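A look at the structure
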Amino acid sequence: MEHHDVNAYTGFAEVYDLFMDNVPYDDWCRYLVGLLRDSGIRDGLVLDLGCGTGNITERLAKAGYDMIGVDASEDMLSCALKKRDSSGSDILYLQQDMRSFELYGTVRAVVSLCDSMNYILDYGDLVKVFRLVNNYLDPGGRLIFDLRTEADYAAIGERTIAEDREESSFIWDNDYDPETRENDYELALFIRESGDRYRKFTETHVQKAWRPEEIRRALAEAGLREIAMYDAFTRDPVRKDSGRIYVIAEEQGKERKSDGKTE
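Below is a summary of the structure that appears in this document. Worth saying up front: this structure is predicted, and the values here are computed from it rather than measured.

Comments concerning the state of the cysteines
Under the criterion given, the structure shown has 0 disulfides. As a non-bridged cysteine, C51 has C114 as the owner of its nearest cysteine sulfur, 10 Å distant. Looking at C51, the relative accessible area reads 7%, which means it is buried.

Brief notes about helix α5 (residues 123–136)
For α5, built from 14 residues, the straight-helix expectation of 20 Å at 1.5 Å per residue is met to within 8% by its first-to-last C-alpha distance of 20 Å. In terms of burial, α5 is largely enclosed, as 10 of its 14 residues are buried. Within the sequence span of α5, burial applies to Y123, D125, L126, V127, V129, F130, L132, V133, N134 and Y136. At its buried positions, α5 is contacted by β2 (44–49), β5 (107–112), β6 (137–148) and α7 (212–221). Between a side-chain oxygen at the N-terminus of α5 and the backbone nitrogen of G124 the separation is 3.0 Å; the capping residue is D122.

So, the sheet that holds β2
Pairing is mixed across the open sheet formed by 7 strands, whose spatial order is β4-β3-β2-β5-β6-β12-β11. What marks the edges here is a single partner per strand, and that holds for β4 (92–95) and β11 (225–231). In this sheet, adjacent strand axes meet at a mean angle of 15 degrees when their direction is disregarded. Where β2 and strand β3 (residues 65–71) come together, 6 bridges link them in parallel fashion. Across the sheet, L45 pairs through a bridge with D66, a residue of β3.

A look at the packing of aromatic side chains
All chains considered together, the criterion is met by 10 aromatic pairs. A centroid spacing of 6.4 Å and a plane angle of 70 degrees characterise the contact between Y25 and W28, whose relative ring orientation is edge-to-face. Here Y25 pairs with W28, and both are found in helix α2 (residues 25–38), just 3 residues apart, close to one helical turn. For Y25, a relative accessible area of 8% gives the class buried. Here W28 falls in the buried class, since its relative accessible area comes to 10%. Centroid distance Y31 to F233: 5.4 Å. Interplanar angle 70 degrees. Geometry classified as edge-to-face. You can see Y31 sitting in helix α2 and its partner F233 sitting in the loop between β11 and β12 (244–250), a full 202 residues away along the chain. For F233, a relative accessible area of 39% puts it in the partly exposed group.

The rules we used
- Residues numbered from 1 in each chain as written.
- Predicted model: local features only at pLDDT ≥ 70, side-chain atom pairs only at ≥ 80, totals over all residues.
- Heavy atoms only, no water.
- Disulfide = S-S within 2.5 Å.
- Buried < 20%, exposed > 50% of the residue type's maximum accessible area, 1.4 Å probe, protein only.
- Helix = DSSP H or I, 4+ residues; strand = E, 2+ residues; numbered from the N terminus.
- Expected span 1.5 Å × (residues − 1).
- Contact = heavy atoms within 4.5 Å.
- Polar contact = N/O pair within 3.5 Å; in protein donor to acceptor, adjacent residues only side chain to side chain.
- Pairing = 2+ DSSP bridges.
- Axes fitted to C-alpha atoms, helices over the stretch in contact; angles between N-to-C directions.
- Phe/Tyr/Trp six-rings, centres within 6.5 Å; stacked < 30°, edge-to-face > 60°.

What follows is the structure, given as structure tokens:
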């Protein structure tokens, strides 16, 4: 089997989707749309930050939002563009790092799901992302994002997970350090090309378990106002054993057209 740089192959993102087929994207999107509607956002421009292959972006477009998707991975966006071609949706995709993204104007909401914020490992970078979000949100606009938690990473700990399918297989070596709260996993994918010939792709991912108090501090430093932190897929407060949480914050600082006052 051959080893290659995964970024050289646009087919990797399609394989990513194959192995993420257990994620209930429809349920996640229904919950997210509910949170947006709670905030009075039923239509208009919405940014999906760290959009990946466009699974959430496409669903939000179908729900009536005008979508922009930002991701740093050309590979992931290549797959997202194929989905856009199939669906006929009018999504604008931009290849940009979420720590330095630029938009053409403001948006009503920014959403970021599927652990995207966990990939920010440095607190200063987290504040930088939140400041950019605050800058590109409409007055009173909302940021909604999810996070995997310390409890979730600790439950996985050091473990090797493997899955074998007819067309491809993967081996996932996971390692969580409770001191740094960083979770490293090495992913090896074996993709059938023809007959018994497979091609090997490898990737290393690092995520960080941010604590609620750190998120609150970073939001405040960036000028955003925290609205709520929920145990995922509920409207209940975060628990110590919550595996995933949702954070909702509001833009502050811009003038509202309705009354001309600043927040």
